[in-house]
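# Remarks on the overall topology
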Amino acid sequence: MDYLPNNIEDEYEYAVSIVRKNVSDEKDRRDQKGETYSHSNYFKSAQCRIDYNTVAGISENYDLIEKLIDKGI
C-alpha cells in the first residue's frame, strides 16, 4: 500500500478492520477460557501489538526497516 495523502482513508479502514477482527478474536478466546475481556488491558498488552503486526505482515525483528522499504512504506 502506498502511504500517500489521498490513500489515508483506505489505510485507516485497513487498520480499523484489523483491530476490529483482533478484538473479536480476543473476546472469543477469553470467552472460551471463561475470562473477562477488557479493552484497557488488551490495548495495553504487548499481545495487542503482536496480533496487529502479525495480521498486517509486519515482523518485529532486525530486518523490519528493510521489509518496510521493500513494501514501499
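One can find the structure itself at the top, above this paragraph.
Criteria and thresholds
- Residues numbered from 1 in each chain as written.
- Predicted model: local features only at pLDDT ≥ 70, side-chain atom pairs only at ≥ 80, totals over all residues.
- Heavy atoms only, no water.
- Phe/Tyr/Trp six-rings, centres within 6.5 Å; stacked < 30°, edge-to-face > 60°.
- Buried < 20%, exposed > 50% of the residue type's maximum accessible area, 1.4 Å probe, protein only.
- Salt bridge = Lys/Arg side-chain N within 4 Å of Asp/Glu carboxyl O.
- Helix = DSSP H or I, 4+ residues; strand = E, 2+ residues; numbered from the N terminus.

## Overview of the packing of aromatic side chains
- Counted by the stated rule, this structure contains two aromatic pairs.
- Relative to Tyr42, the ring of Tyr37 lies with its centre 6.2 Å away and its plane at 50 degrees, an arrangement referred to as tilted.
- Taking the relative accessible area as the measure of exposure, Tyr42 reaches 5% and is therefore buried.
- Between Tyr42 and Phe43, the ring centres sit 5.5 Å apart and the planes meet at 65 degrees, which makes this aromatic pair edge-to-face.
- Connected via pairs of aromatic rings, a cluster forms that spans Tyr37, Tyr42 and Phe43.

## Some thoughts on the pattern of salt bridges
- Taken as a whole and assessed by the stated rule, the structure comprises four salt bridges.
- Here Glu26 makes a salt bridge to Arg29, at a shortest N to O gap of 2.8 Å. One end of the pair, Glu26, and the other, Arg29, are both in helix 1 (residues 8-33), three residues apart, so they sit about a helical turn from each other.
- Under the relative-accessibility criterion, Arg29 is labelled partly exposed at 33%.
- In this structure, Glu26 and Arg30 form a salt bridge, with 3.0 Å as the shortest nitrogen-oxygen distance. In this pair, Glu26 and Arg30 are both assigned in helix 1, four residues apart and thus about one turn of the helix distant.
- What you see here is one network of salt bridges that share partners, running through Glu26, Arg29, Arg30 and Glu35.

The values reported here are purely geometric and, on their own, carry no functional implication.
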